[in-house]
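Structural characterization, general
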Amino acid sequence: MKKEKGSLKSTIAVSLTNYLDAGAIVAGASGLTLWKDYLRLTENHLGWLHAISANCLGAAIGAIIGGFLADRYGRKAIYTYNMLIYMLGVALIMCSVSFPMLLLGFLVTGISVGVGVPASWTYISESSEVGNRGRNIGISQMAWGIGPTIILILGTLLAPPTTGAGTEGLLFGAVQSVAALFGVTGEGSALNVFSSRIVFASLFIVAFIAWLLQRRLEESKEWESMRSSTQVRQGTFDSFGALFRNKINVRTMLFLAGMYLTWNLVSSVMGFFQQHIYETAGGLSNEYANMLSVGQWLIIIATTFVFAMIVDKVNQRWLYFIGVGFAVTAWLLVITIGINSLAGLLIFTLLWGLQGGISVQSFYALWASELFPARYRAAAQGVMFFVVRGLSAVWSLGFVSIYGEHGEGFTVAAYVMLTLLLISLIIGTTMAPDTRGKTLEQITKERYEE
C-alpha cells in the first residue's frame, strides 16, 4: 500500500508535464486570433506557429534529445532542469512584440515539452505496480485534460469583446488594468492580446511549481538497476544503433508510430486550430469558441477518469477500438451535418471529447513504455515522438493551405482527417499487444528472450 501511494504521488508530480504540454498548446490556440490581429499575421504565419510549437516540431526536437538524455543520465536529470527551459519559452511569448519573438517563444516552449514527454511516460511506467500501470498513465493523461480546461476557462473569463454575438469576458476589466501598467490603454488589438499574455503567465507559475516538485523526485529504480550492469555502460547516443539493429524494435516502432502518427495529425490540428476553426468556419465569437472547448475538455477529463479506472481490467484492444470509433464518428457527422450549424458543433464537441478520454495518446503512452527494454525505453519513445510531431509540423503547413483564410476548404480537410483516423483505427485494433497484468521485466523477456 505504501508503494502504491508513492507511485501515485510521483505520478501526480510528473503529470504536471502533461498539464504544461497541453496547456501550452491550448493557450496558443485560445489566443491565436488575438495574436493574429495584434501582429497582423496571415494564415501562413499561424501555420508556422503551429509547426514549431509544443504540438509539432519544437516537441519533436526536444523528444529525440530528451529520450536519449533520460536513458543516459537518468529520468531525474530531466526533471531537475527542463522546467527552467519551459519558463524561458513562456516568458518570451508573454513579452512578444513581434512575430520572430513569438515564434522563438513557441519553439523554446515546444522543445522543453518534447524533452519532458519520454521521461515522464517512462518514469510513470517504471514506478508503477503491475496492476496500476495503465491507471497511472491514465491519471497523467487527466492532467493533459485538466490543463486545457483551466486555460480555456481562464481564456473565456479574460476574453476581449469581439465581433459576433459574444460579449467580453467577466474578467476583461483585469486585463485592462494589467495592460494599463504597461502603458496600453483604450481599445484595440494591443489591449486585447493582453488576455493571452496573462494566460501564458499562469503557465509560467505552474511551471515554477512543477520545477520545485519534480526536482525532488527519486530516480527510477529500474533505471538505476540497468545502469549498475557493466554491459550497458555507453555514450549518450550509443543506444541509437542498437535500437535499429533489432528487428523487434523496428517492428514495434513502426506499429506505435503508425497508429499514433495518423491520429496525431488530426489531434494536433484540433489542439491548436480548434477555436480558430470554430471562429472562422463555425462563425462563433472568441468567447463562445472557448466556452464550447471548455465543455469538450470537461468531457475528456471525465472520460479519461473512466479510462484510468478500467484500462487495467478490460480487453485493451476493444477499448482502443471504441475510443477511435468515437473519433471516426465525430468526423463523419461533421461532414454530413456541417461545421457551421450549432447542432453539428455540439455533436462534434461531444464525440471528440469522448475519444479524447480514450485517446490513442493514452494507449501510445502505455504501450510505448512497456514494449522496449529499460536501456533504451525513453530513447525509443523520443525517436517515435520526433517522427510523429515532426510530420505533424509539415502537415500543419499543408492544413492551412487546404483550410484557407476563412475556412472555405474545411470540408476537404475533414475528409483527410477522417481517412487518417480510419488508418489509426485499423493499425491499433489489429496490432494491439497483450501486456495487461505483466511486469515490465516479464514483457521484455517474452519479447526479446534475453
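What counts and how
- The numbering scheme is per chain: residues are counted from 1 as the chain's sequence reads.
- Where totals are concerned, whole chains, interfaces and linings use all residues; where local detail is concerned, this predicted model gives features only for residues with pLDDT of at least 70, and gives and counts side-chain atom pairs only at 80 or more.
- As a rule here, side-chain values cover all heavy atoms of the structure and leave hydrogens and water aside.
- Think of a 1 Å grid over just the protein atoms. A cavity is a set of points where a 1.4 Å probe fits yet cannot get out, a pocket is an open set with protein on both sides within 12 Å along at least five of seven lines, and lining residues have an atom within 4 Å of a point.
- Grid points are joined across faces, edges and corners, and a volume is the space filled by probe spheres set on the points.
- Segments assigned H or I by DSSP are reported as helices when at least four residues long, segments assigned E as strands when at least two residues long, and all are numbered from the N terminus.
- When residues are grouped by polarity, Ala, Val, Leu, Ile, Met, Phe, Trp, Tyr, Cys and Pro land in nonpolar, Asp, Glu, Lys and Arg in charged, and all others, Gly among them, in polar.
- Take the number of residues in a helix, subtract one, and multiply by 1.5 Å to get its expected span.
- To get the bend at a residue, fit one axis to the 7 residues ending there and another to the 7 starting there, then take the angle between the axes.
- Only protein chains enter the area calculation, which uses a 1.4 Å probe; residues under 20% of their type maximum are buried, those over 50% are exposed, and those in between are partly exposed.
- Residues grouped as a nonpolar core are buried Ala, Val, Leu, Ile, Met, Phe, Trp, Tyr and Cys residues, joined through side-chain atoms within 4.5 Å.
- Residue contacts are defined here by distance: any two heavy atoms, one from each residue, within 4.5 Å place the two residues in contact.
- Note on geometry: axes are lines fitted to C-alpha atoms, helical ones only across the stretch in contact, with angles between N-to-C directions running from 0 to 180 degrees.
- Roughly parallel means an angle under 35 degrees; roughly antiparallel means over 145; roughly perpendicular covers 65 to 115; every other angle is labelled oblique.
- Handedness of a helix crossing follows the sense of rotation of the near helix relative to the far helix, less than a right angle counterclockwise being left-handed and clockwise being right-handed.
- A pair is scored as a salt bridge if a Lys or Arg side-chain nitrogen falls within 4 Å of a carboxyl oxygen belonging to Asp or Glu.

A few words now on empty space enclosed by the protein. As enumerated under the stated definition, the model contains 3 cavities of 30 Å³ or more in all. Considered as a void within the structure, the largest cavity measures approximately 220 Å³ in volume. Surrounding the largest cavity, 22 residues form its lining, Trp 144, Ser 267, Met 270, Gly 271 and Trp 297 being those nearest its centre. Put simply, the parts of the chain that give the lining of the largest cavity at least two residues each are helix H1 (2-30), helix H13 (247-280), helix H14 (286-310) and helix H16 (342-357). A total of 8 residues in the lining of the largest cavity trace back to one element, the largest contributor, which is H13. Residue lining of the second largest cavity: 12 residues in total, with Ser 30, Leu 34, Gly 155, Ser 195 and Ser 196 positioned closest to the centre. Of all the elements in the fold, those that place two or more residues in the lining of the second largest cavity are helix H7 (133-158), helix H10 (194-214) and H14. The greatest single-element share of the lining of the second largest cavity, amounting to 3 residues, is contributed by H10. Among the residues making up the lining of the second largest cavity, the classes are represented as 5 nonpolar, 7 polar and no charged.

Moving on, we get to helix H5 (residues 75-94). For H5, built from 20 residues, the straight-helix expectation of 28 Å at 1.5 Å per residue is met to within 8% by its first-to-last C-alpha distance of 29 Å. Within H5, the axis deviates most sharply at Tyr 81, by approximately 35°. Taken as a whole, H5 has its buried residues at Arg 75, Ile 78, Tyr 79, Thr 80, Asn 82, Met 83, Tyr 86, Met 87, Gly 89, Val 90 and Ile 93.

Before going further, it helps to examine the nonpolar core. Across soluble globular proteins, nonpolar side chains have a tendency to be buried as a group. Leu 256, Trp 331, Trp 367 and Phe 399 are the most contacted members of the largest nonpolar core, which has 132 residues in total. Considering every element that reaches this core, the biggest residue donor is H13, with 15 residues. Once residues lying within four places of it in the same chain are set aside, the contact partners of Trp 367 are Phe 255, Leu 256, Met 259, Gln 316, Tyr 320, Ala 432, Pro 433 and Thr 435.

So, on to the side chain of Thr 444. Structurally, the position occupied by Thr 444 is in helix H20 (residues 440-448). Apart from residues no more than four positions distant in its own chain, Thr 444 is found in contact with Phe 372, Pro 373, Arg 377 and Glu 449.

With their axes 9 Å apart at the nearest point, helix H15 (residues 316-337) and helix H19 (residues 410-431) run at an angle of 165° to one another. Between H15 and H19, the crossing angle belongs to the class labelled roughly antiparallel. Note that H15 runs across H19; the crossing there is left-handed. Split into classes, the residues belonging to the contact of H15 with H19 amount to 18 nonpolar, 5 polar and 1 charged.

On to the pattern of salt bridges. For the coordinates displayed, the defined rule picks out 7 salt bridges. The closest approach of N and O atoms between Arg 75 and Asp 71, which form a salt bridge, is 2.7 Å. In terms of burial, Arg 75 and Asp 71 fall into one category: buried. Between Glu 218 and Lys 221 there is a salt bridge, and its shortest N-O distance comes to 4.0 Å. You'll find Glu 218 and Lys 221 in the same group, each marked exposed. Among the charged side chains, a salt-bridge network with shared partners connects Asp 71, Arg 75, Glu 126, Glu 222 and Arg 377.

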